Amino acid sequence: MFTWVALLTLVLFSGTTYAMARRKALAQGRGSHSLPGYHGAFAALWVGAPAILLLLLSMAFGGRLETAALRAETPPAVAALDAQQRDVFYNDVHAIARGGQPSETVYDGALKPALEAKVAQARALTRGFQIGAVGLAAALAFAGLGLGYRRLNPQFRARNRVEGWIAGLFIACSVVAVLTTIGIVASLVWESSRFFQAVPPLEFLFGTQWDPQIAMRADQYASSGAFGAVPLFAGTFLIMLIAMAVAAPIGLYSAIYLSEYAGRTTRAVVKPMLEILAGVPTVVYGFFAALTVGPLFRGFFNAVGAELVGGPFNGLGLYLGQVQNQMALVAGAVMGIMLIPFVSSLSDDILNAVPQSLRDGSLAMGATRSETVKRVVVPAALPGIVAALLLAVSRAVGETMIVTMAAGLQAKTTLNPLDTVTTVTVQIVTLLTGDQEFDSPKTLSAFGLGLTLFGVTLVLNIIALRIVQRFREQYD
Amino acid sequence: MTDATLPAATRSPDALKRAVEARLKQRYAQEMRFRLYGRIAIIIALSFLVLLVGRIVLQGYSTFIDYRISVPVHLDASRVDRNDPAGANYDLMVAEAILAKLGEKDDEVGEASSKVMQLMSNDLGFQLLKMVREDPSVIGKTITVTGPMRADSALYYKGEIKRSTPQDSRKLDDQQLGWLDELKAAGAIRTGFNIGFLTRSDSTEPEQAGVLGAVVGSAMMLIITALLAVPIGVLAATYLEEFAPKNRWTDLIEVNINNLAAVPSIVYGLLGLAVFINWLNVPRSSPLVGGLVMALMALPTVIIATRSALKAVPPSIREAALGVGASRTQTVFHHVLPLAMPGVMTGAILSLAHALGETAPLLMIGMVSFVPGVPEGFTGAATVLPVQVFIWENASERAFHERTAAAILVLLVFMIVMNLAAILVRRRFERRW
């Protein structure tokens, strides 16, 4: 709250400086290098920008510094606790210091004074940090006022200076995108490396047993967990295959029809509708898969199974009689529906990029339209279409909600579409929702899976985007 | 292309003509078939849309009908302690009032009243408690309370629970169904629009659960996303399009942005978990952390949309501005960006609509928790609409299924509104050169 007030004051201060500097420039009359507004902006930037930046940084990182300072010295009673209890202790200290809800742990004996001392220390630290940050910000603001305001005179090139600031802002903004990538890679690699200390990478990539249950206590009787991800890769692959079997033909044929045959009105109706289908959130597809398509398919296969039982295909009938809602086919088919508009709009763009002269040439030779499409347009657009399909594969591999809601949790290596499989994304969600402990391989394995997923989709995307780019250049 | 495949032994012109005609017929048939495949593909795609939306409407519309009961309850002074109003069993009093209405008496062990309690919502009891707390003078009087029936009773009225189902495999027994029929016949049950679904937040009782908390959570998250992603994205795109020198570094940024747009959303969730929650200590499951993750996710789309909007502004505008002495920054901010604004806004709204529907990354950062009530602030616990859908879909009670579909309808309405806004902006302000 204190920091927010300081922030607001700074903004007001900076605004006042703007008005003052602008008036000063106006009073100097004509003939100055820059417009009065630039003089105002220059002074305001010097006053506001560094101080506000400092305050924002202190708000983002202050908590960490406080925690580090608080934990720098641990009372002996607390040091005697194990790591987990110590975390609970410090969390409670923070909660009490900030007026929140502490856990229900009872602290007695030597712990009680330790808790009180730490709470007092935490409060003092918070206040100290806040006052320090605000004081420093105020000093920066006044220093900025002194430095910036003094330099203003009619010859001063305020516009160029302000534009320099703006250029800096521009570059900072474009760096955010790069920082995001670095953040993704760094966090995935960092957490995965902790996971790979417990489980060797080769065992993870080529092991055929996935069972991430791990004993919570050392004396508990349980396996130490198995982290072989092959069944997950197989499940992901199977569902992706089914999805592509649905999306590729329907998406491609509708793209061809839209770009080569459809008239203006048809396009005007169909394209927005496909866009709606593309805009439906994936959680909706998941709901549709779990509560509509799943029971429907299961009912169908169970009915077919009931017919076959007792006949020559008795075994098959018995098998079909017990298929579950969560079969790979359901998740795959619904994911295929989700991908139709994606494939269709990408391929539509690609087909439209094929020069009209190629079509005209073929038609002039007497080929029918379909012959033109099959023998001229599609071969010419083939690289682009392949790229579109690769992007769709990448989407299918990374899709989460449909499989989380409609596919199962059993890790099985199978190519049977009626079987229950699980995927990489389902496992990431299962491992990371609910309580997390950041030192168990069970939780960290999610980051190993995430790294694999990121790597695979990155390769697919880079290949696809490069093909598309080359294709575009070819016909530009 | 036909000559090569014609039979070589075409002796007479007549035979040749016949062969050509036969072949032509075949080719035209092929043409028709190909066109038909295209039509079928489009019809299949569109029928999926109709099926999806239609099915959800059918599953969800009944949520908006609610069944309310009004009963006069006598607040016996011997049963409600003035000093400890929370100690009284209001549910039992309501149940007895309903039994009285049915013309029945409670038995000794209270079996009948507990059966009635399964029919009506405990919201009625809460209302009584609230009334007594606000105004203790009602004790000893008879007051009429109105509240929803329990979700299972509503399901019976809606025909979802049928009498034909064997008694053991449905939640309500024959006696309870009889009571429900009697109450309805007596006119004690009123149906109406379920406004509570839009004005309440999540609850463990389906009939009291609503989407308000999730809608507010979504709005708060989108505010953060918009405040971060739109300015940063627009500035980054402007830099790359208008200022950046063509060199390796900018190529790298460009490739990087295109790749980021295609990174699976769940990876952003992992990033948010590792960086924002574990490293920066942003509060878990808060709109703040959700908005940060969504902003990073929306950023590449905003950048790509802005760049194409900037590309559409003809170079003559820039040349004219530079020609009369504007600096490059002035050219961009005074002329190019304002002209590109409709395209930028369209792209921004569409990427926000996408962020509104995104679920997976939010599961990673703890937004999947049960939050009764409206979020307290940007750092308080919150949930958002799509995650609410996910939570309810996982609930075992059947009444939550129709609520899930109804929540989806609310979500779809918001998405449609945002998409329409984007289309309107484009139609209204777009300029073509």
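Here is what the cut-offs are and how they apply
- Residues numbered from 1 in each chain as written.
- Chains lettered and ligands numbered in written order.
- Predicted model: local features only at pLDDT ≥ 70, side-chain atom pairs only at ≥ 80, totals over all residues.
- Helix = DSSP H or I, 4+ residues; strand = E, 2+ residues; numbered from the N terminus.
- Buried ≥ 20, exposed ≤ 12 C-beta atoms within 10 Å, placed from the backbone.
- Contact = placed C-beta atoms within 7 Å.
- Core = buried A, V, L, I, M, F, W, Y, C linked by C-beta atoms within 7 Å.
- Nonpolar A, V, L, I, M, F, W, Y, C, P; charged D, E, K, R; others polar.
- Domains from an automatic or database assignment.
- pLDDT = per-residue confidence, 0-100.
- Pairing = 2+ DSSP bridges.
- Axes fitted to C-alpha atoms, helices over the stretch in contact; angles between N-to-C directions.

1. Quick look at the environment of G321 of chain A
Residue and element names in this part refer to chain A.
Alright, step 1. For G321, the position within the fold is in helix α11 (residues 314-321).
Alright, step 2. Owing to 16 C-beta atoms within 10 Å, G321 belongs among the partly exposed residues under this scheme.
Alright, step 3. Residues G321 and N302, spaced 19 residues apart in sequence, show a C-alpha to C-alpha distance of 4.3 Å.
Alright, step 4. Apart from residues lying up to four places away in sequence, G321 is in contact with N302, G305, A306 and V309.

2. Looking at unusual backbone geometry
Residues and elements named next belong to chain B.
Alright, step 1. One non-glycine residue, S285, lies in the positive phi region at around 50°.
Alright, step 2. Relative to the helices and strands, S285 is located in the loop between α10 (265-277) and α11 (287-311).
Alright, step 3. By the C-beta count within 10 Å, which is 22 here, S285 ends up buried.

3. Looking at the nonpolar core
Alright, step 1. Membership of the largest hydrophobic core comes to 193 residues, with the highest contact counts inside it found for I239, A289, A331, V334 and I402 of chain A.
Alright, step 2. Once residues lying within four places of it in the same chain are set aside, the contact partners of A331 of chain A are I239, A289, I402, V403, A406 and A407 of chain A.
Alright, step 3. Counting 30 residues, the second-largest nonpolar core is a separate cluster that includes V94, I98, V145 and L172 of chain B.

4. Focus on the interface of chain B and chain A
Alright, step 1. Counting from both sides, the interface comprises 69 residues of chain B and, opposite them, 71 residues of chain A.
Alright, step 2. Ranked by the residues each element gives to the side of chain B that touches chain A, the list is headed by helix α1 (residues 13-60) of chain B, at 18 residues.
Alright, step 3. Here the side of chain B that touches chain A is built from residues that sort into 47 nonpolar, 16 polar and six charged.

5. As for the domain arrangement of chain B
Residues and elements named next belong to chain B.
Alright, step 1. When cut into domains, chain B gives domain 1 (64-194) and domain 2 (212-429).
Alright, step 2. Distance from the C-alpha centre of domain 1 to the C-alpha centre of domain 2: 46 Å.
Alright, step 3. Taken residue by residue, the interface counts four residues in domain 1 and four residues in domain 2.
Alright, step 4. For the side of domain 1 that touches domain 2, a count of residues per class yields three nonpolar, no polar and one charged.

6. Structural notes on the confidence of the model for chain A
Alright, step 1. With 96% of its residues at a pLDDT of 70 or more, chain A shows a mean pLDDT of 86.
Alright, step 2. Low confidence marks residues 217-223 of chain A, where pLDDT is under 50. Its contacts with residues over four positions away, or in another chain, come to four contacts.

7. Quick look at the sheet that holds strand β1 (residues 65-74) of chain B
All names here are of chain B.
Alright, step 1. Pairing within the open sheet is antiparallel, and its three strands lie in the order β2-β1-β3. Of all the strands in the sheet, just β2 (142-148) and β3 (189-193) have a single pairing partner and so form its edges. Adjacent strand axes in the sheet meet at a mean angle of 30° when their direction is disregarded.
Alright, step 2. Pairing of β1 with β2 involves seven bridges; the strand directions are antiparallel. Looking across to β2, one finds that S70 is bridged to T146.

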